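What follows is the residue order along each chain.
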Amino acid sequence: MNSRKQLKRRFNYLLKNLSILLLNELIEMVENEITKNKRQWVRKWIDDRNETGGSALLLKQLRFEDPAEYKLAMRMSPQNFDELLSMISSSIQRHDTFMRDALPAKIKLEITLTFLASGMYYRFLSHFYRVSKPAISQLIPEVCWAIYTALKTYIKIPEREVEWKIIEDGFNTKWNFPSCYGAIDGKHIIIKAPTNSGSEFYNYKKTNSTVLLALVDHDYCFSYIDVGANGNASDGGVFKNSSLYRRLEDGLLPTNGVIVGDAAFPLKNYLLKPYPGTQLSTAEKVFNYRLSRTRRISENAFGILVSRFRVFEKAIPTHLDTVDAIVCAACALHNWNFFMTAGSVPWQLDRIH
């Protein structure tokens, strides 16, 4: 009888311990399952941004040890970077939250300038700067619009006679074309066609694009830009739908002043284009030669823009609004870089300061 009670007691003891073991095992399995399916708030490699990111390591080293290489990477000197950052910091810096710290404005600007300078894919930018790809896709148009807003005063049609005179003297001295106040042309910005857009952006070069229409002065700077026209439109059609056309029709240029363009533009009292055909007189050939030398200023300006900002060398795979922001920011930076390098254009100094 006693042995039977002992056996029963031992059985109950074993059963209790086994229940505890099974319960602990079950709890551990549930916790593992929850942990496995739980979404990470910040990935570890992203969380190490301040220690091992490109901004904290490579760019910091270039800034202090090799400013020339830093300038090639950012397309501006460290001093100019700091000045630009001070201009736009208040508009792109967000507040820290209880959940996480906001991305610093400095890193936002570095990412954007790297993208403009190289055309690097968002995924590569994410790995280099240790910033998530969705965050990069949001910050690039934000920073581009901030850059354009801060620097758009550097893209401006002259308003005073002395300002026009500087441009006219430049074309006359450098390119032997008197009474000229600008060269106009359009550039196709290659894009990835939006979904269901059909042939809306398909151009004669058999690519999809939007059009940048620009009026360029004697120093390869943009006096006027019009961004966002569909790629299937002609340069002449984009020009006629632009605000520049209306202002020129209303007498924008000084008396007897002209701008020059190629055969795609309409012939106007204020817009000269080459004589058509091949059976030309000597005087007509000389005129075409001089006009061509002057008109190439706009093409050269586009070439400088693309060389400086390699994002334009291939199709830009972003939304159209982001493409417009990229183009506007690049044109503003193009003019601003020239001003910061030359720093001696009187009419620009007057209008900016």
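Residues numbered from 1 in each chain as written. Predicted model: local features only at pLDDT ≥ 70, side-chain atom pairs only at ≥ 80, totals over all residues. Heavy atoms only, no water.

So, on to the overall build of the protein chain. Tallying secondary structure elements over the protein chain gives 15 helices and five strands in all. Relative to its full complement of 353 residues, the protein chain shows a buried share of 43%. Put simply, 64% of the contacts in the protein chain that link residues at least 6 apart link residues at least 24 apart. Accessible surface for the protein chain amounts to roughly 20,000 Å². Of this, 53% is attributable to carbon and sulfur atoms. (Helix = DSSP H or I, 4+ residues; strand = E, 2+ residues; numbered from the N terminus. Buried < 20%, exposed > 50% of the residue type's maximum accessible area, 1.4 Å probe, protein only. Contact = heavy atoms within 4.5 Å. Areas by Shrake-Rupley, 256 points an atom, 1.4 Å probe, with all protein chains shown as cover.)

Moving on to the pattern of salt bridges. Where charged atoms of side chains with opposite charge meet at close range, the side chains can pair. Scanning all chains against the criterion turns up 12 salt bridges. One salt bridge connects K174 with D219, and the closest N-O pair in it is separated by 2.6 Å. Highlighted residues: K174 in helix α10 (residues 161–175) and D219 in the loop between β2 (209–216) and β3 (222–230), separated in sequence by 45 residues. According to the relative accessible area criterion, K174 is partly exposed, its value standing at 43%. What makes D219 buried here is its relative accessible area of 18%. Across the salt bridge formed by E249 and K268, the nearest N and O atoms sit 3.5 Å from each other. Residue E249 is found in helix α12 (residues 243–249), and its partner K268 is found in the loop between β4 (258–260) and β5 (271–272); the two are separated by 19 residues along the sequence. By relative accessible area, E249 is classed as partly exposed at 40%. (Salt bridge = Lys/Arg side-chain N within 4 Å of Asp/Glu carboxyl O.)

Counting 70 residues, the largest nonpolar core has L109, F222, F312 and L333 as the members making the most contacts within it. With 12 residues, helix α14 (residues 320–342) is the largest single contributor of residues to this core. Excluding residues within four positions of it along the chain, L109 makes contact with F81, L84, L85, I88, V143 and I147. Core analysis: the next-biggest nonpolar cluster, separate from the first, contains 20 residues, I184, I259, F265 and Y270 among them. (Core = buried A, V, L, I, M, F, W, Y, C linked by side-chain atoms within 4.5 Å.)

Here we take up the packing of aromatic side chains. Within the structure shown, the criterion is met by 13 aromatic pairs. Judged by centre distance (5.4 Å) and plane angle (70°), the rings of Y275 and F287 are edge-to-face. Taken as a pair, Y275 in the loop between β5 and α13 (282–308) and F287 in helix α13 lie far apart in primary sequence, 12 residues in all. Judged by its relative accessible area of 39%, Y275 is partly exposed. Taken together, the ring pairs in this structure connect F177, Y275 and F287 into an aromatic cluster. (Phe/Tyr/Trp six-rings, centres within 6.5 Å; stacked < 30°, edge-to-face > 60°.)

With that out of the way, let us pick up the sheet that holds β5. If you walk across this open sheet you meet the five strands as β3-β2-β1-β4-β5, and the pairing is mixed. The two strands at the open ends of the sheet, each matched to only one other strand, are β3 and β5. Relative to strand β1 (residues 180–190), α13 is tilted by about 45°, and along the sheet it contacts β1, β2, β3, β4 and β5. Across the sheet, α14 lies against β1, β2 and β3, angled at about 165° from β3, the strand it touches most. (Pairing = 2+ DSSP bridges. Axes fitted to C-alpha atoms, helices over the stretch in contact; angles between N-to-C directions.)

A few words on the packing of helix α7 (residues 105–118) against helix α8 (residues 122–129). For the pair α7 and α8, interaxial distance at closest approach is 11 Å and the crossing angle is 140°. Relative to α8, the element α7 is oriented oblique. Seen from above, α7 lies across α8 with right-handed handedness. Contacts between α7 and α8 involve I107, E110, I111, T114 and F115 from the first element and Y122, L125 and Y129 from the second. (Parallel < 35°, antiparallel > 145°, perpendicular 65-115°, else oblique. Left-handed = near helix turned anticlockwise from the far one by under 90°.)

Its volume calculated, the second largest pocket comes out at about 260 Å³. In terms of lining residues, the second largest pocket is bounded by 16 residues, among which K71, R308, N337, F338 and T341 are the most central. At six residues, α14 tops the list of elements feeding residues into the lining of the second largest pocket. Broken down by class, the residue content of the lining of the second largest pocket amounts to seven nonpolar, five polar and four charged. Built from parts of two domains, the lining of the second largest pocket gets at least three residues from each of domain 1 (46–152) and domain 2 (155–308). (1 Å grid on protein atoms, 1.4 Å probe; cavity = no way out; pocket = protein on both sides within 12 Å on 5 of 7 lines; lining within 4 Å. Points joined across faces, edges and corners; volume = space filled by probe spheres on them. Nonpolar A, V, L, I, M, F, W, Y, C, P; charged D, E, K, R; others polar. Domains from an automatic or database assignment.)

With that out of the way, let us pick up the pairing of β2. Of all eight residues in β2, eight are buried; the element is thus mostly enclosed. The alternating pattern of β2 places S209, V211, L213 and L215 on one face and T210, L212, A214 and V216 on the opposite face, and all of these are buried. The pairing of β1 with β2 spans eight bridges and is classified as antiparallel. Bridged to I189 within β2 is T210. Across seven bridges, β2 lies against β3 in antiparallel orientation. In the sheet register, L213 faces β3, and the bridge partner there is D226. Joining the antiparallel neighbours β2 and β3 is a turn of five residues, in which Y220 adopts a positive phi near 65°.

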